[in-house]
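Summary of the model geometry
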Amino acid sequence: MTLKEKWKGGAAVQTYLGLTTAGFPNLFMITGPESPSVLVNMPIAIEQHVEWVAECMQYLREHDIDLVEPALEAEEAWSKHCQEVANATLYVKGDSWYTGANIEGKPRSFLIYLGGFDYYTKHCNEVAQNNYEGFKLMKLKSIS
């Protein structure tokens, strides 16, 4: 399956931390949907994501883990949190590219995390400190 297929036909775009999405092991998105992305200083947001992914990759190497993928429940909870935060603002009321209103027939949604970069960074760090809580970490069976 491709991301286009996963999110087609008005299906809700969901991610975990704006970095990953269920069904796509080892795929990391830098400043992806449901991250603070375009509403913060982009170089700082990119740097935070790259450093977080690099530390995750180091953790996987150190623990001999081959695959990392968010649990669907973690993805759903993050997406719900993102929408709750967005719905408390006027961003979702406006007709703009932020909501998809610039593309006729596109389902409206708000895909930028509005809870603040400090909270977001703290939350990402807590996920990492808790052995990548919300992620399924898998080892592949070796082929001999």
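Residues numbered from 1 in each chain as written. Predicted model: local features only at pLDDT ≥ 70, side-chain atom pairs only at ≥ 80, totals over all residues. Heavy atoms only, no water.

1. Quick look at unusual backbone geometry
Even without glycine at this site, glutamate 34 takes up a positive phi of about 70 degrees. Mapped onto the fold, glutamate 34 is located in the loop between helix H1 (3-6) and helix H2 (42-62). With a phi angle near 30 degrees, serine 37 is a residue other than glycine that sits in the positive phi range. Tracing the backbone shows serine 37 in the loop between H1 and H2. On the accessibility criterion, serine 37 (6% relative accessible area) is buried. (Helix = DSSP H or I, 4+ residues; strand = E, 2+ residues; numbered from the N terminus. Buried < 20%, exposed > 50% of the residue type's maximum accessible area, 1.4 Å probe, protein only.)

2. A few points about the side chain of threonine 20
Structurally, the position occupied by threonine 20 is in the loop between H1 and H2. Look past the residues within four positions of threonine 20 in its chain and what remains in contact with it is Thr15, Leu27, Phe28, Met29, Pro70, Glu75 and Phe135. (Contact = heavy atoms within 4.5 Å.)

3. Looking at the state of the cysteines
Using the criterion set out here, one finds 0 disulfides in the structure. Free of any disulfide, cysteine 56 has its nearest cysteine sulfur in cysteine 124, 11 Å distant. Relative accessible area serves as the criterion here: at 1%, cysteine 56 is assigned to the buried category. We note that cysteine 124 lacks a disulfide partner, and the nearest cysteine sulfur, in cysteine 82, lies 10 Å from it. Since its relative accessible area comes to 0%, cysteine 124 is described here as buried. (Disulfide = S-S within 2.5 Å.)

4. Description of the pattern of salt bridges
Counted by the stated rule, this structure contains 4 salt bridges. Glutamate 75 serves as the salt-bridge partner of lysine 6, at 3.5 Å between the closest nitrogen and oxygen. You can see lysine 6 sitting in helix H1 and its partner glutamate 75 sitting in helix H3 (residues 72-87), a full 69 residues away along the chain. Residues lysine 6 and glutamate 75 agree in their burial class; the two are buried. A salt bridge links glutamate 126 to lysine 122; the shortest N-O distance between them is 3.5 Å. Separated by 4 residues within a single helix, glutamate 126 and lysine 122 lie in helix H4 (residues 117-129), roughly one turn from each other. Relative accessible area serves as the criterion here: at 33%, glutamate 126 is assigned to the partly exposed category. Judged by relative accessible area, which is 51%, lysine 122 ranks as exposed. (Salt bridge = Lys/Arg side-chain N within 4 Å of Asp/Glu carboxyl O.)

5. Some remarks on the packing of H2 against H4
Look at H2 against H4: their axes get within 11 Å of each other, and the N-to-C directions meet at 5 degrees. Relative to H4, H2 is oriented roughly parallel. The segment H2 lies against H4, with Ile44, Ala45, Gln48, His49 and Trp52 engaging Phe117, Tyr120, Thr121, Cys124, Asn125, Val127 and Ala128. In terms of residue class, the contact of H2 with H4 is built from 8 nonpolar, 4 polar and no charged. (Axes fitted to C-alpha atoms, helices over the stretch in contact; angles between N-to-C directions. Parallel < 35°, antiparallel > 145°, perpendicular 65-115°, else oblique. Nonpolar A, V, L, I, M, F, W, Y, C, P; charged D, E, K, R; others polar.)

All quantities given are derived from atomic positions and should not be read as evidence of function.
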